[in-house]
Amino acid sequence: MTDACIARCPLCREPLPAGPEKAYDDGVRGYARLQSVFSRQATPAQAQGAEAAPEEAALAASAPPSLDLAAAAASDDAPPPPPPDSTPPPLATAPPSSWSSLSDVHKAELREIRRVLEEASEGGHQAAAGVLGEMYFFGHGVDVDWGMAFNLYKLSADRGSATACQNVGVSYRDGEGVEANDVKAVAYFRLAADLGAADGLDCLGYMYESGRGVDGPDLQMAMELYAKAARQGDGLGQFHYGLLLREIGGKVQVAQARIMFERASAQGLPEAMVAYGHMCETGEGCPEKSKDHRRAFQLYHKAAKLGFPSAHLCCGKAYMTGKGVSSSYDLAHASLQIAARHGVVGAAHALRQLEINARISPMTGRKEIRRSALVRGMGFD
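Residues numbered from 1 in each chain as written. Predicted model: local features only at pLDDT ≥ 70, side-chain atom pairs only at ≥ 80, totals over all residues. Heavy atoms only, no water.

A. Seen up close, the overall build of the chain. A count of helical and extended segments in the chain gives 19 helices and two strands. Of all 381 residues assigned to the chain, the portion counted as buried reaches 46%. In the chain, 55% of the contacts between residues at least 6 apart in sequence involve partners at least 24 apart. For the chain, the exposed area adds up to about 18600 Å²; of that, 53% sits on carbon and sulfur atoms. (Helix = DSSP H or I, 4+ residues; strand = E, 2+ residues; numbered from the N terminus. Buried < 20%, exposed > 50% of the residue type's maximum accessible area, 1.4 Å probe, protein only. Contact = heavy atoms within 4.5 Å. Areas by Shrake-Rupley, 256 points an atom, 1.4 Å probe, with all protein chains shown as cover.)

The following block contains the structure:
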């Protein structure tokens, strides 16, 4: 364990005495540092692995010889890398790359981190087992074992950890490492919320909205829980509260929904970025109904970089229509192909529209979008 990861007294800066608290602090500090370092080292293309190759091939096949693909990939207008084939696990966020690619030095440090967290857990520390559970859930330094992860989450939850209660609830809800049980999921989400976990409120809101583990759907209760989670700064709570507000449809509610989506977007939620981008694109929720296509494209592009499939469709349409970004047949085609490959509704239709409204440039001999089609909005207005 490096000196930077050693827990010290906040007053005298001397190392803390041995014990479960010190072991836990050492382990969590080292784990957080490893996650942070590795996240900074990983690029989006590395995070998506082999999925990045089809898009590069599509661009290379359709781009004119003068197009610098390396420069385009670094620009704001470049199509983002395609999303992974599966959605990320519903618990803590995993680093955007494979832990198996860590150096031997980092692997040794990870083993030491696991050892000190096990020491802290054996010493009765409330949260240590929950952190170990995360390591088993994602396979950080160990083989993936959802059953072991659940047992560790449960141990930490029994000791009063709000985060562990939340993770036990998710495990029961999704049947990960334990047989699915919505009633038990609701009980643990409620316990997590009572212990101060804002994401517990959000998950509890979802259960009431969907009627799972409770006496049927209750949108009023769901709205109250989402609102409480949103007030506590939970990104998903803000997003889900915004969805229900927009569904109500009143002028005040829609304006509030826009604010919720904006706040959730600032926390890095790609689904919120797409929702907020749509409101910027249409002017929905603005008193003047003013449209901001450039801002909308920036949000779509960022969400696509984070691997959100429907954002690629939004980017593709923007490249087609030239709204918020310069129109480009090549970039539209690449983005729409990614969306279609992931089954996004409307992507195949958009690809057909792109082909219908394309022509061969007499100067380059390559496909480009007809000017008349840009004026008409490609049929998407």
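Okay, back to it.
B. Helix H10 (residues 198-210), seen in detail. With 13 residues, H10 extends 19 Å between its outermost C-alpha atoms, agreeing within 8% with the 18 Å of an ideal straight helix rising 1.5 Å per residue. Along H10, the residues classified as buried are Ala198, Gly200, Leu201, Asp202, Cys203, Leu204, Gly205, Met207 and Tyr208. Packed against the buried residues of H10 are helix H8 (162-174), helix H9 (182-194), helix H11 (219-231) and helix H12 (235-248). (Expected span 1.5 Å × (residues − 1).)

C. Looking closely at the environment of Leu132. Following the sequence through the fold, Leu132 ends up in helix H6 (residues 128-138). The class of Leu132 is buried, set by a relative accessible area of 4%. Here the alpha-carbon distance between Leu132 and Arg114, two residues 18 residues apart in the chain, equals 7.0 Å. Apart from residues lying up to four places away in sequence, Leu132 is in contact with Arg114, Leu117, Glu118, Ser121 and Leu152.

D. Just the confidence of the model for the chain, in detail. Of all residues in the chain, 75% attain a pLDDT of 70 or more, and the chain-wide mean is 81. Low pLDDT, under 50, characterises residues 1-5; the stretch is placed with 14 contacts to residues that sit more than four places away or in other chains. Note on residues 42-97: pLDDT is under 50 here. Beyond four places in sequence and across chains, it has 100 contacts. (pLDDT = per-residue confidence, 0-100.)

E. Structural context of the packing of H10 against H11. Remark: H10 packs on H11, axes separated minimally by 8 Å, with the N-to-C direction vectors making an angle of 165 degrees. Between H10 and H11, the interaxial angle falls into the category roughly antiparallel. Crossing of H10 against H11: the hand is left-handed. Residues Ala198, Leu201, Asp202, Leu204, Gly205, Tyr206, Tyr208 and Glu209 of H10 lie in contact with H11, whose contacting residues are Leu219, Met221, Ala222, Leu225, Tyr226, Lys228 and Ala229. (Axes fitted to C-alpha atoms, helices over the stretch in contact; angles between N-to-C directions. Parallel < 35°, antiparallel > 145°, perpendicular 65-115°, else oblique. Left-handed = near helix turned anticlockwise from the far one by under 90°.)

F. Main features of the packing of aromatic side chains. Summed over the entire model, instances satisfying the criterion amount to six aromatic pairs. The interplanar angle of 80 degrees and the centroid separation of 5.1 Å between the aromatic rings of Phe137 and Phe138 together place this pair among those described as edge-to-face. Side by side, Phe137 and Phe138 carry an identical accessibility label, which is buried. For Phe137, a relative accessible area of 3% translates into the label buried. Through pairs of rings, three or more aromatic residues link up here, namely Phe137, Phe138 and Trp146. (Phe/Tyr/Trp six-rings, centres within 6.5 Å; stacked < 30°, edge-to-face > 60°.)

G. Just the pattern of salt bridges, in detail. Using the criterion set out here, one finds 10 salt bridges in the structure. A salt bridge links Glu119 to Arg115; the nearest nitrogen and oxygen atoms lie 3.3 Å apart. Placement of the pair is Glu119 and Arg115 together in helix H5 (residues 104-122), with a separation of four residues, close to one helical turn. Members of the salt-bridge network, linked through shared partners, are Glu112, Arg115 and Glu119. (Salt bridge = Lys/Arg side-chain N within 4 Å of Asp/Glu carboxyl O.)

H. Representation of the side chain of Arg258. Residue placement: Arg258 occurs in helix H13 (residues 251-266). Although Arg258 lies buried, it forms no salt bridge, and the closest oppositely charged side chain, Glu262, sits 5.9 Å away as judged by the N-O distance. Discounting residues that sit within four places of it in the chain, Arg258 has contacts with Tyr276, Met279, Cys280, Gly283, Glu284, Gly285 and Cys286. (Lys, Arg positive; Asp, Glu negative; His and termini not counted.)

I. Region of the structure containing H6. For H6, a buried count of 11 out of 11 residues is recorded, marking the element as mostly surrounded by other parts of the structure. All buried positions along H6 are accounted for by Ala128, Ala129, Gly130, Val131, Leu132, Gly133, Glu134, Met135, Tyr136, Phe137 and Phe138. A positive phi of about 75 degrees marks Gly139, the residue just after H6.

J. Examining the state of the cysteines more closely. This model, assessed by the stated rule, comprises zero disulfides. Cys280 takes part in no disulfide bond, and the closest cysteine sulfur to it belongs to Cys286, at a distance of 7.0 Å. Residue Cys314 stays outside any disulfide, its sulfur separated by 7.0 Å from that of Cys315, the closest cysteine. (Disulfide = S-S within 2.5 Å.)

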